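Fold and contact review
Here are the chains, one letter per residue:
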Amino acid sequence: RLMGSLKTCPAGGCCRTPRSRGFTLVEVLVVLAIIGGAATGVSIGVDALRARDVDLALERLQRVLESSADHARTRGRPIAFELLEDGYRFSVLDADGRWYRFEEPPVFSERVLPDAMRWGTLHTDSGPVDRIVFGTRSPRFRLTVHTPQGTARLDGRISGEVLLVRNIGDAR
């Protein structure tokens, strides 16, 4: 039977018949290793993009809070920054003393936080609150935001400046 796998070649010698088509174990393992390496690279890339989304959202939040203080001060009209379960929005006080939703894109638009972010606490000098009201004078506040990289804190000053402090530990 061993001889059955050999055939006579045109040159008069013996050569092996073509074996059944398929992949060797080594070829399969090499392909699996390549696929595993590519999947790891994609996973690392996605994690990096998520981290960058969180960083951009924190920086945007800092700028939006500073803009809110500036807007209220220059226009002489109170503006409120309100926390929502998954984002934030703005309200302004009308002449009748009622708050109504304020939309002035691109800065003063309702926003949703990235999936990896969630609100911590919001405190002013009067204690925990769910909104910050900016007027002719900006309130002092401390807003914590939980991210995969740790807890970030936004500290609002009377001047309207907002300081962003990252990775402050677990300040719940």
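Preceding this section is the structure that the text describes.
Residues numbered from 1 in each chain as written. Predicted model: local features only at pLDDT ≥ 70, side-chain atom pairs only at ≥ 80, totals over all residues. Heavy atoms only, no water.

With respect to the nonpolar core
With 29 residues, the main nonpolar core has Leu61, Leu65, Phe81, Trp119, Phe134 and Leu143 as its most contacted residues. Listing elements by their share of this core, those giving two or more residues are helix H1 (25-75), strand S3 (79-83), strand S4 (87-93), strand S7 (118-124), strand S9 (131-134), strand S10 (141-147), strand S11 (150-156) and strand S12 (162-165). Top contributing element to this core by residue count: H1, with 8 residues. Apart from the residues lying within four places of it in its own chain, the contact partners of tryptophan 119 are Leu61, Phe81, Leu83, Leu84, Glu85, Gly87, Tyr88, Leu113, Leu143, Thr144, Val145 and His146. (Core = buried A, V, L, I, M, F, W, Y, C linked by side-chain atoms within 4.5 Å. Buried < 20%, exposed > 50% of the residue type's maximum accessible area, 1.4 Å probe, protein only. Helix = DSSP H or I, 4+ residues; strand = E, 2+ residues; numbered from the N terminus. Contact = heavy atoms within 4.5 Å.)

Things to note about the packing of aromatic side chains
In the structure shown here, the tally under the stated rule is 8 aromatic pairs. On the numbers, 5.4 Å between centres and 45° between planes, the contact of phenylalanine 102 with phenylalanine 108 is tilted. Phenylalanine 108 carries the same exposure label as phenylalanine 102, and that label is buried. Ring geometry for phenylalanine 134 versus phenylalanine 141: centroids 6.1 Å apart, planes at 90°, classification edge-to-face. Exposure class is identical for phenylalanine 134 and phenylalanine 141. Each is buried. Here a set of aromatic residues connected by ring pairs shows up, and it is made of Phe81, Tyr88, Phe90, Phe102, Phe108 and Trp119. When the ring centre of tryptophan 99 is taken as origin, the NZ or CZ atom of arginine 131, which lies over that ring, is 4.9 Å away. (Phe/Tyr/Trp six-rings, centres within 6.5 Å; stacked < 30°, edge-to-face > 60°. Lys NZ or Arg CZ within 6 Å of the ring centre and 35° of its normal.)

Examining the pattern of salt bridges
Applying the stated criterion across every chain, the model contains 13 salt bridges. Close ionic contact of glutamate 104 with arginine 75 constitutes a salt bridge, the shortest N to O distance being 3.8 Å. Note that glutamate 104 is positioned in the loop between strand S5 (99-102) and strand S6 (111-112) and arginine 75 in helix H1, a separation of 29 residues in sequence. Assessed through its relative accessible area of 30%, glutamate 104 is described here as partly exposed. For the salt bridge of arginine 101 with glutamate 110, the shortest nitrogen-to-oxygen distance reads 2.7 Å. We classify arginine 101 as partly exposed; its relative accessible area is 48%. Linked by salt bridges that have partners in common, Asp55, Glu59 and Arg166 make up one network. (Salt bridge = Lys/Arg side-chain N within 4 Å of Asp/Glu carboxyl O.)

So far we have only geometry, and geometry alone does not tell us how the molecule works.
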